[in-house]
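# Secondary and tertiary structure notes
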Amino acid sequence: MRAFFAITSIHLFISNFVSAQLSLPGTPFLPQNVSNTQVSSGFPNPQWSTLLGDLLYFYDAQRSGKLPDSNRVSWRNDSCEDDGQDVNVDLSGGYYDAGGTVSSFTIMSICWGATDFGQGYNLANQTAYLDSALRCGLDWLVKAHHSDNTLFVQVADAEVDNAYWGGDQDIPTPRPSFQINSTSPGTDVAAGVSAAFSACSNLYANRTFGSAYNSSASLQNTTYAATLLAHADTLYSFAVNASGGQTVYQSSVPAVKDSYASSSYDDELTIAALFLARAKNSPDLFKEATDYHSKFNLANQDSVFNWDSKTPGIAVLFAQLSQSDIQLGGNLSRWQDVAEAYFDKVIAFDGRAEETAGGLLFYDGDSDSASLNPALNSAMLLTRYAPLASNTEKQDSYLQFAQRQLDYALGKNPMSVPYIVGVNPNSPSNPHSAQASGGNDINNIDSSPEKEAYILYGAVVGGPDKKGRFYDIRSDWPQTEVALDYNAPMLTLAAMHVMNDTNDPFYTSLQAGAYDKVRPEGRPCDDAISDGCAGPELSKGGKIAMAVVISVVGLVIVGLILYNIWLAGFAKR
């Protein structure tokens, strides 16, 4: 359950950051009423363009601190403007969502996607909103990097925030600030934030990954790129050389242990070295990343791509850099082998990868609390890697698999639910968001109020359970929670489709009421709600059928008993 934690932030604040960003449109983009959803045509496709805009709009709804004059979300207010006051550092601003590992991963993912497929943002007229969304997070990350070897990794106490349910005006205080430093390091989070800075520096400097990925978003700013690169370089050095050694950040900040503890720092060090190698055109850093990959045996890990596990994306990034003309010393064939060994298992549902009855990629232990996130991240990586596949057969199979996962998330699933709030009449109507709900009674989240006060347009929710059931219950956070990192892969996928797809997203074919016809009865069985754990709940028709069966079986048994009694009596005669 995610609450009002502040993103990790880093601060060497420069006053011209905001003024240097792209000018937003005079008439702002606002999400459309779902009743207006209709089949469209043309290039760029209007529906994909609108979806990309909705997904970015979600980030506006998650902002913390002093809101800009351009704020598009009427029900949001200035909030938590005193964050960092306990340490005399301005840590206000950024986004509500979670700790530093999640936020830096989200920003890294979005910048990587906008470097490879940024033309989609340009075509959809969303580049200025992309710039605004990124700077909101990046400027805050710059704040949190208060000195070379000090990084604030969380604002607010997780237990206190998780006990609060309400709007942005009464968020509990005090909100303590937590940091890592030279003597109390956090290799994983320092390297992760470094990777985010490098990836975004590449975007703002228009440093692409070769001819196959030469579609960067048009928001170049060399001054901003240089600032981000300076922070990336310093943080990478901090991650590698901290006097306190190398360790996961919960060792130094126990407050994050029960919310967003990290499993290792191996993947963060590797991907940070890789993105920085591209940013600095450094063969030495590329070799460091290669050595990390071997040292930590990353080629043999069967993990998902998410905030805690970057490994599946690392082989893709290695391959991108190796095929480019940057001359960092990479061997494309080697990284094709690593990437395809992993992807071939994914599409065959081999190893940890499973396929649900409805066709969703599922990983036990990772998909249980947000089933769509591993599937969408896999779809994003497969689509990104496909141009580099070793043969056309693999390329086709990767793209087809990715499209099936995307279509599932957009409504081609047993529930007929597009799992993005506000895009269709069948979209989730009860996202787990205190601010959007309008409620303030944590003991009655589902009923107070009965209907969400505001539509959290563009929010990707956690998704259905392993059996494909989606209950759309506000308190059921594994299914209905929203988060910064949930939207990240869908942003990149939508940008890809704006560039290349004239067909509408699948949800435009869904008729209103489709979900209501198949909505499951009963209650879920997950970490939030255990009422349904006694066994599967039968539908009304199933209950009637079961009653009929029991009645018939009962009559047969009674008949047999009476027949045996008659036979016994007959034999005595």
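Scanning the protein chain from terminus to terminus reveals 20 helices and four strands. In the protein chain, of all internal contacts separated by at least 6 residues, the share reaching a separation of at least 24 is 76%. As displayed, the protein chain offers around 22200 Å² of accessible surface, 50% of which is attributable to carbon and sulfur atoms.

What follows concerns the state of the cysteines. In total, this model carries two disulfides according to the counting rule given. Disulfide pairing is shown between Cys-111 and Cys-200; the S-S distance is 2.0 Å. Of note, the bridge from Cys-111 to Cys-200 carries an S-S torsion of about 95 degrees and is right-handed in sense. Separated by 89 residues along the polypeptide, Cys-111 in helix 3 (residues 100-117) and Cys-200 in helix 7 (residues 187-204) bring together distant segments of the chain. Judged by its relative accessible area of 0%, Cys-111 falls in the buried class. Here Cys-525 pairs with Cys-533 through a disulfide, and the sulfurs are 2.1 Å apart. Torsion about the S-S bond of the Cys-525 and Cys-533 cystine: about 100 degrees, corresponding to right-handed handedness. What makes Cys-525 partly exposed here is its relative accessible area of 41%. Regarding the disulfides, the protein chain carries the connectivity 1-2, 3-4 under sequence-order numbering of its bonded cysteines.

For the pair helix 12 (residues 311-323) and helix 14 (residues 372-385), the least separation of the axes is 10 Å and the interaxial angle reads 15 degrees. Judged on the interaxial angle alone, helix 14 and helix 12 are roughly parallel. By crossing handedness, the relation of helix 12 to helix 14 is classed as left-handed. Each of Pro-312, Gly-313, Val-316, Ala-319 and Gln-320 in helix 12 lies in contact with helix 14, whose residues at this interface are Leu-381, Arg-384 and Tyr-385. Class assignment of the residues belonging to the contact of helix 12 with helix 14 gives a composition of five nonpolar, two polar and one charged.

All right, on to the pattern of salt bridges then. Under the definition given, this model contains 20 salt bridges. Put simply, Asp-233 and Lys-280 hold a salt bridge, and the shortest N to O gap is 2.9 Å. Of the two residues, Asp-233 sits in helix 8 (residues 222-241) while Lys-280 sits in helix 10 (residues 266-280), which places them 47 residues apart along the sequence. The class for Lys-280 is partly exposed, based on a relative accessible area of 40%. One continuous salt-bridge network, built from bridges that share partners, spans Asp-60, Arg-63 and Arg-72.

Procedures and definitions
- Residues numbered from 1 in each chain as written.
- Predicted model: local features only at pLDDT ≥ 70, side-chain atom pairs only at ≥ 80, totals over all residues.
- Heavy atoms only, no water.
- Helix = DSSP H or I, 4+ residues; strand = E, 2+ residues; numbered from the N terminus.
- Contact = heavy atoms within 4.5 Å.
- Areas by Shrake-Rupley, 256 points an atom, 1.4 Å probe, with all protein chains shown as cover.
- Disulfide = S-S within 2.5 Å.
- Buried < 20%, exposed > 50% of the residue type's maximum accessible area, 1.4 Å probe, protein only.
- Axes fitted to C-alpha atoms, helices over the stretch in contact; angles between N-to-C directions.
- Parallel < 35°, antiparallel > 145°, perpendicular 65-115°, else oblique.
- Left-handed = near helix turned anticlockwise from the far one by under 90°.
- Nonpolar A, V, L, I, M, F, W, Y, C, P; charged D, E, K, R; others polar.
- Salt bridge = Lys/Arg side-chain N within 4 Å of Asp/Glu carboxyl O.

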